[in-house]
Amino acid sequence: MWLLLAFLSAALLGFYDAFKKKSLRDNAVLPVLFLNTAFSSLIFLPFILISAFTPALNGTMFEVPVVGWEVHKFIIVKSFIVLSSWIFGYFGMKHLPLTIVGPINATRPVMVLVGAMLIFGERLNLYQWIGVMLAILSFFMLSRSGKKEGIDFKHNKWIYFIVLAAITGAISGLYDKYLMKQFNPMVVQSWYNVYQVFIMCPIILLLWYPKRKESTPFRWDWTIILISVFLSAADFAYFYALSYEDSMISIVSMVRRGSVVVSFLFGALFFREKNLKSKAVDLILVLIGMFFLYLGSK
């Protein structure tokens, strides 16, 4: 069941990336991110309130149990990690083609495996090492494809932003498995969205609002709402996948990166991005690498 939830999460993430790219096109990044956190919070706020004041959701998967500071402090840490990844990722997504961002993000399972090896003392087997090597190879091949569009991986700061987003995302994935072993999935998902709104408020007021006229202006786009809807649904499936005792973060992380297929298709069909043949080869290498990670983790 947890594997099916991971595949569902991957498909939803692909749409999330596509709507995020659409929302960020010629738009101010921080307000889009703030609205994403706000709408995501509004999606979960009714579940928090209903669970706190009525027994209507008791015993269902939508119940948000009332917890104390001993739990909330871990969720606040989660909020900072995720928001850091999103800030890097949103800025990178705005300035880079979706067909480059997707494959770079698809290297996260490699980082999760390496993190598990360093933190939890796990050891990679032959198949997993093959998957890691293929992912690294695909990254270098992707840099070659990027040069055809004037994107120098060594000197383009937006590439570094996407890489940092992937690294902090991998840290978040490892932390998620730790949280899901102890806490209710809805508690974590509901409250980390709420806390992100409070974190984003001073960022918007201090960093964006005073200089809003000197940078890209903000414009409303209906896809901003869809970012929150698809992300919330993807995370809901993801957290419940991790809540299963026999679930493996390495497998879940790998499957979720399958979202690159959906985002790649959006980049090709709707955003008319360039050099698709060479990028498709890079993408196939990433997918083969993910398949070897799967074989090595069975």
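Scroll up a little and you will see the structure.
Here the residue numbering is sequential within each chain, running from 1 through the sequence in written order. The predicted origin of the model limits local features to residues at a pLDDT of at least 70 and limits the giving and counting of side-chain atom pairs to 80 or more, whereas totals for whole chains, interfaces and linings rest on all residues. Side-chain figures throughout are based on the complete set of non-hydrogen atoms in the structure, without hydrogens or water.

Our focus in this paragraph is the overall build of the chain. Starting at the N terminus, helices and strands are each numbered in turn, a helix being any DSSP run of H or I of at least four residues and a strand any DSSP run of E of at least two. The number of helices and strands found in the chain is twelve helices and zero strands. Starting at the N terminus and walking to the C terminus, you meet the elements of the chain as α-α-α-α-α-α-α-α-α-α-α-α. Taking the contacts inside the chain whose residues are at least 6 apart along the sequence as the reference set, 87% of them involve residues at least 24 apart. Any two residues whose heavy atoms approach within 4.5 Å are treated as being in contact.

The next subject is unusual backbone geometry. Within the chain, Asp-26 stands out as a residue other than glycine whose phi angle is a positive 55°. Its place among the elements puts Asp-26 in the loop between helix H1 (2–24) and helix H2 (29–53). Working definition: with a 1.4 Å probe on protein chains only, accessible area under 20% of the residue-type maximum means buried, over 50% means exposed, and in between means partly exposed. Judged by its relative accessible area of 60%, Asp-26 is exposed.

Here, a salt bridge means any Lys or Arg side-chain nitrogen found within 4 Å of an Asp or Glu carboxyl oxygen. Within this structure, the stated rule accounts for four salt bridges. A salt bridge links Lys-20 to Asp-17; the shortest N-O distance between them is 3.5 Å. A residue pair is termed a helical-turn pair when its members lie 3 or 4 positions apart in one helix, as Lys-20 and Asp-17 do in helix H1 at three residues. Just as Lys-20 is buried, Asp-17 falls in that class too. A salt bridge links Arg-219 to Asp-221, with the shortest nitrogen-to-oxygen separation between them at 3.3 Å. Given the relative accessible area of 31%, Arg-219 is considered partly exposed. With a relative accessible area of 4%, Asp-221 lands in the buried category.

Time to look at the packing of aromatic side chains. Each Phe, Tyr or Trp ring, with Trp reduced to its six-membered ring, pairs with another whose centre is within 6.5 Å; inter-plane angles below 30 degrees give stacked pairs, above 60 give edge-to-face pairs, and intermediate values give tilted ones. For the coordinates displayed, the defined rule picks out 19 aromatic pairs. When the ring of Phe-88 is compared with that of Phe-161, the centres are 5.5 Å apart and the planes differ by 85°; the resulting orientation is edge-to-face. Taken together, the positions of Phe-88 in helix H3 (residues 69–95) and Phe-161 in helix H7 (residues 157–180) put the pair 73 residues apart, joining distant regions of the chain. Through a chain of ring-to-ring contacts, three or more aromatic side chains come together here, namely Phe-44, Phe-47, Phe-62, Phe-236 and Tyr-240. Sitting over a ring, as applied to charges here, requires NZ of Lys or CZ of Arg to be within 6 Å of the ring centre and within 35 degrees of the ring normal. The residue whose ring lies beneath Lys-78 is Tyr-192, and the NZ or CZ to ring-centre distance is 5.1 Å. Stacked on the ring of Tyr-209, the Lys or Arg Arg-212 has its end atom at 3.8 Å from the ring centre.

Residue position: Tyr-238 is located in helix H9 (residues 223–243). Given the relative accessible area of 5%, Tyr-238 is considered buried. Identification of polar contacts relies on pairs of N or O atoms within 3.5 Å, with a donor-acceptor requirement for protein atoms, meaning one able to donate a hydrogen and the other able to accept it, and with residues adjacent in sequence counted only if both atoms are side-chain atoms. For Tyr-238, the side chain forms a polar contact with the side chain of Asp-176, separated by 2.7 Å.

Relative to each other, H3 and helix H8 (residues 185–208) sit at 60°, their axes nearing to 8 Å. Taken together, the axis directions place H3 and H8 in an arrangement best described as oblique. Every pair of crossing elements has a handedness; the one defined by H3 and H8 is right-handed. Touching Val-71, His-72, Ile-75, Ile-76, Lys-78, Ser-79, Phe-80, Val-82, Leu-83, Trp-86 and Ile-87 of H3 are Val-187, Val-188, Trp-191, Tyr-192, Tyr-195, Gln-196, Ile-199, Met-200 and Ile-203, all from H8. Of the residues belonging to the contact of H3 with H8, the class tally is 16 nonpolar, three polar and one charged. Each axis is a line fitted through C-alpha atoms, taken for helices only over the stretch in contact, and angles between the N-to-C directions span 0 to 180 degrees. Roughly parallel means an angle under 35 degrees; roughly antiparallel, over 145; roughly perpendicular, 65 to 115; everything else is oblique. Crossings are sorted by hand: turned counterclockwise from the far helix by less than a right angle, the near helix makes the crossing left-handed, and turned clockwise it makes it right-handed. We call Asp, Glu, Lys and Arg charged. Ala, Val, Leu, Ile, Met, Phe, Trp, Tyr, Cys and Pro are nonpolar, and the rest, Gly among them, are polar.

Turning next to the nonpolar core. By size, the foremost hydrophobic cluster in this structure holds 66 residues, and its most contacted members are Tyr-16, Leu-83, Trp-86, Tyr-90 and Met-200. At twelve residues, H9 tops the list of elements feeding residues into this core. In contact with Leu-83, other than residues within four places in its own chain, are Leu-33, Thr-37, Gln-196, Ile-199, Met-200 and Ile-203. Residues belong to a common nonpolar core when they are buried Ala, Val, Leu, Ile, Met, Phe, Trp, Tyr or Cys residues joined through side-chain atoms within 4.5 Å.

A word on the side chain of Thr-168. Relative to the helices and strands, Thr-168 is located in helix H7. Exposure remark for Thr-168: the relative accessible area of 16% places this residue in the buried category. A distance of 2.8 Å separates a polar side-chain atom of Thr-168 from the backbone oxygen of Leu-164. Within the structure, Thr-168 has its side chain in polar contact with the backbone oxygen of Ala-165 (distance 3.1 Å).

Let's shift gears to the environment of Ser-263. Looking at the element boundaries, Ser-263 is found in helix H11 (residues 259–269). Given the relative accessible area of 1%, Ser-263 is considered buried. In this structure, the C-alpha to C-alpha distance between Ser-263 and Ala-11, residues 252 residues apart in sequence, is 9.2 Å.

A few words now on the packing of H2 against H8. To describe two helices that pack against each other, one gives the angle between their axes and the distance between the axes. It is at 8 Å that the axes of H2 and H8 come closest, and there the two elements cross at 150°. With respect to the hand of their crossing, H2 and H8 are arranged in left-handed fashion.

We now examine a nonpolar patch on the surface. Where nonpolar side chains cluster on the molecular surface, the patch consists of Ile-43, Phe-218, Trp-220, Trp-222, Ile-225 and Val-229 and spans about 560 Å² of accessible area. Within the secondary structure, Trp-222 sits in the loop between H8 and H9. Relative accessible area serves as the criterion here: at 54%, Trp-222 is assigned to the exposed category. Exposure above 30% relative accessible area and the lack of any salt bridge qualify a residue for a patch; like charges then connect within 9 Å, and the nonpolar side chains Val, Leu, Ile, Met, Phe, Trp and Tyr within 5 Å. Note that accessible areas follow from Shrake-Rupley with a 1.4 Å probe, and for residues the cover is restricted to the protein chains shown.

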